Amino acid sequence: MLSKCNKIMHNSEGINATNCKDRLSELPDEVIVHILSFLPTVDAIRTMLIRCFRNLWTFVPTLKFDLDAYTNGMIRLNRCDDLWTINPLFGSEIQEYYDIHYSSDSDSGVIFWVFPRFSRFVRNVLTLHKGPTIDTFHISIDQFPDDLFVQDVIDDVQTWLTFAIDKGVQNLNFDFDSHDAIIPQCVFTSHSLVTLSLSDVKLEDQTQVHLRNLRKLSLFCVCGSDRAFQQLISGCPSLLELTIDNAIGMQILNVTSQSVSKLFLGVEDDPIALNTPALKMLDVVYPSSSSSYLLKVIDVSSLQEVNAKNLPCYGDQVTTFFSQFLSVEVFTLSHHSFSVCFTCSC
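Keep in mind the model is a prediction, meaning the values are calculated, not measured. (Residues numbered from 1 in each chain as written. Predicted model: local features only at pLDDT ≥ 70, side-chain atom pairs only at ≥ 80, totals over all residues. Heavy atoms only, no water.)

Asks: Explain the overall build of the protein chain here, please?
Replies: Assigned secondary structure in the protein chain consists of 11 helices and 19 strands. Per-residue burial over the protein chain gives 42% buried out of 346 residues. Within the protein chain, contacts between residues separated by at least 24 positions form 47% of all contacts whose residues are at least 6 apart in sequence. Of the roughly 18,400 Å² of accessible surface on the protein chain, 53% is carried by carbon and sulfur atoms. (Helix = DSSP H or I, 4+ residues; strand = E, 2+ residues; numbered from the N terminus. Buried < 20%, exposed > 50% of the residue type's maximum accessible area, 1.4 Å probe, protein only. Contact = heavy atoms within 4.5 Å. Areas by Shrake-Rupley, 256 points an atom, 1.4 Å probe, with all protein chains shown as cover.)

Asks: Whenever I open this one, the environment of Gln 158 confuses me. Can you help?
Replies: With respect to the secondary-structure elements, Gln 158 resides in helix H9 (residues 147–166). Given the relative accessible area of 39%, Gln 158 is considered partly exposed. Not counting chain neighbours up to four residues away, the residues in contact with Gln 158 comprise Ile 182 and Pro 184.

Asks: Any chance you could explain the UniProt feature "domain: F-box" (unreviewed entry) in the protein chain here in plain terms?
Replies: As annotated in UniProt, the feature "domain: F-box" (unreviewed entry) corresponds to residues 24–57 in the numbering used here. The span residues 24–57 shows a helical share of 50% and a strand share of 0%, and its end C-alpha atoms are spaced 15 Å apart. (UniProt positions renumbered as here; feature names shortened; annotations may be inferred.)

Asks: Got a minute to help me understand the pairing of strand E5 (residues 136–140) in this structure?
Replies: Two faces make up the sheet, and in a regular strand the side chains alternate between them. As judged from the five bridges shared by strand E1 (residues 62–66) and E5, these two strands associate in the parallel manner. Note on E5: the bridge partner recorded for Lys 64 is His 138. Two strands pair when backbone bridges link them, and E5 and strand E6 (residues 171–175) are joined in this way by five bridges, in the parallel orientation. Among the inter-strand pairings, Thr 136 is bridged to a residue of E6, identified as Asn 171. (Pairing = 2+ DSSP bridges.)

Asks: When you look at the sheet that holds strand E14 (residues 273–275) in this model, what are you seeing that I'm missing?
Replies: Read from one edge of the open sheet, three strands run E12-E14-E16, paired in parallel fashion. Taken across any chain shown, the strands that pair with only one partner, and hence form the sheet edges, are strand E12 (252–254) and strand E16 (296–299). Averaged over all pairs of adjacent strands, the angle between their axes in this sheet comes to 15 degrees, without regard to strand direction. Relative to E14, E12 runs parallel, the two sharing three bridges. Within E14, the residue paired with Leu 253 across the bridge is Leu 274. (Axes fitted to C-alpha atoms, helices over the stretch in contact; angles between N-to-C directions.)

Asks: Is there a simple way to think about the pattern of salt bridges in this case?
Replies: Two side chains with opposite charge may pair up if their charged atoms get near one another. Enumeration over the complete set of coordinates arrives at six salt bridges. Note that Arg 46 and Asp 43 form a salt bridge whose closest N and O atoms lie 2.5 Å from each other. Linking Arg 46 with Asp 43, this pair stays in helix H4 (residues 41–46), spanning three residues, or about one helical turn. According to the relative accessible area criterion, Arg 46 is exposed, its value standing at 52%. Of the charged contacts in the structure, one is a salt bridge between Arg 123 and Asp 156, with a shortest N-O distance of 2.5 Å. Of the two residues, Arg 123 is situated in helix H8 (residues 118–128) and Asp 156 in helix H9; the sequence distance between them amounts to 33 residues. Taking the relative accessible area as the measure of exposure, Asp 156 reaches 12% and is therefore buried. (Salt bridge = Lys/Arg side-chain N within 4 Å of Asp/Glu carboxyl O.)

Asks: Looking at this structure, how should I read the environment of Arg 123?
Replies: Taking relative accessible area as the criterion, Arg 123 reaches 32% and is therefore assigned partly exposed. For the pair formed by Arg 123 and Asp 156, sequence separation is 33 residues and the distance between their alpha carbons is 8.3 Å. Apart from the residues within four sequence positions on either side, Arg 123 is in contact with Asp 156 and Trp 160.

Asks: Explanation requested: the side chain of Asn 254 in the structure shown.
Replies: Checked against the element boundaries, Asn 254 lands in strand E12. Side chain to side chain, Asn 254 and Asn 275 meet in a polar contact 2.8 Å long. Once residues lying within four places of it in the same chain are set aside, the contact partners of Asn 254 are Gln 230 and Asn 275. (Polar contact = N/O pair within 3.5 Å; in protein donor to acceptor, adjacent residues only side chain to side chain.)

Asks: What exactly am I supposed to notice about the nonpolar core here?
Replies: For soluble globular proteins, the rule of thumb is that nonpolar side chains tend to be buried together. Residues Phe 137, Phe 174 and Leu 282 are the most contacted members of the largest nonpolar core, which totals 80 residues. Of the residues forming this core, the biggest block, seven residues, is contributed by H9. Contact partners of Leu 282, with chain neighbours within four places excluded, come to Leu 263, Leu 265, Leu 274, Leu 295, Leu 303, Glu 305, Val 306, Asn 307 and Phe 325. (Core = buried A, V, L, I, M, F, W, Y, C linked by side-chain atoms within 4.5 Å.)

Asks: Looking at this model, I keep getting lost on a nonpolar patch on the surface. Mind explaining?
Replies: A grouping of Leu 24, Val 31 and Ile 35 is seen on the molecular surface, where their side chains present a nonpolar patch of about 200 Å² in accessible area. On the secondary structure map, Leu 24 appears in helix H2 (residues 23–26). (Patch = residues over 30% accessible without salt bridge, like charges linked within 9 Å, V, L, I, M, F, W, Y side chains within 5 Å.)

Asks: What am I meant to see in the confidence of the model for the protein chain here?
Replies: Caution applies to low-pLDDT parts of the model: their predicted coordinates are not meant to be read in detail. In this model, the protein chain carries a mean pLDDT of 75, and residues with pLDDT of at least 70 account for 68%. Between residues 1–15, whose pLDDT stays under 50, and residues either more than four places distant or in other chains, the model counts zero contacts. Across residues 72–116 the pLDDT falls below 50, and counting only partners more than four positions away or on other chains, this stretch makes 77 contacts in the model. (pLDDT = per-residue confidence, 0-100.)

Asks: In this structure, what is going on with the pairing of E6? I would like to understand it.
Replies: Sheet analysis places E6 next to strand E7 (residues 195–199), joined by five bridges and oriented parallel. Within E7, the residue paired with Asn 171 across the bridge is Thr 195.

Asks: Would you mind going over unusual backbone geometry with me for this structure?
Replies: Most peptide bonds are trans, and most residues other than glycine sit at a negative phi. Of note, the phi angle at Asp 200 is positive, near 55 degrees, even though the residue is not glycine. You can see Asp 200 is positioned in the loop between E7 and strand E8 (202–203). Positive phi is not limited to glycine here, since Asn 246 has a value of about 60 degrees.

Quick look at the structure:
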């Protein structure tokens, strides 16, 4: 009986081995491209080493470039000369592909930064990309070793963004960590953009802003004048959701559009006057409960719900805050240790 069972198991294993198929290779190219779109771009490119993937990465509709993913790291050295003893390959050939920067450090003398030629990598990927359109284009450069590297990348920024717009990108996320970066005009007249997120960039006055299909706009640590911010917001007739966190240079926020129903506002060091007559929901976040100022309200006559985090809570500030939102039906107040929600009726 035991031998019979072993024979059955052996036959079963043989059948499984014989009928084993490479399911991945049988997938249509469109499905494989869709799978690759969920990978970081650098990992999607590596799949070209797998036969069934070939050069399908060149058709992915999602391109994400993050400087951190290309940073080789940081080596602490006591002397610059130690570099050559650690790796003798560092020389003229390697320096062609890497940016090398030294900076003093009080603890260990010298910090050695090795940055891959990020801009060259991005240019090569964009050159090889064969897809007719792009759904998502993400650029994140949130640290720089020195001003020279910043300038090198700035020279390519407009080309990268123009490429994405020409490909009909729908979701654009650009984090540059330098207010020297200027967004090209074509971004502000795109008919394909649905979501736009800008971080740590400079917003200049535009000759024309018309983002007719934009539904969600997010601005983080963006520097600009009241006029520049208002031009951008008023040029989005279909905008539904607006996020502004630490708007540098903004003194008054005018949102006259009837379509904007949600505003997420991060208040930092400078008070902002709020003029949003059509707004329905407001999320406001203060840096801490020790802030010495409150949001100034001009017109929020349509506001129905307010969520306030880290609201200054000493003196008469809470009373002053509530008195500006007499038409609001639902309040949610939250701090680090508690959250309370209540309704108001007039």
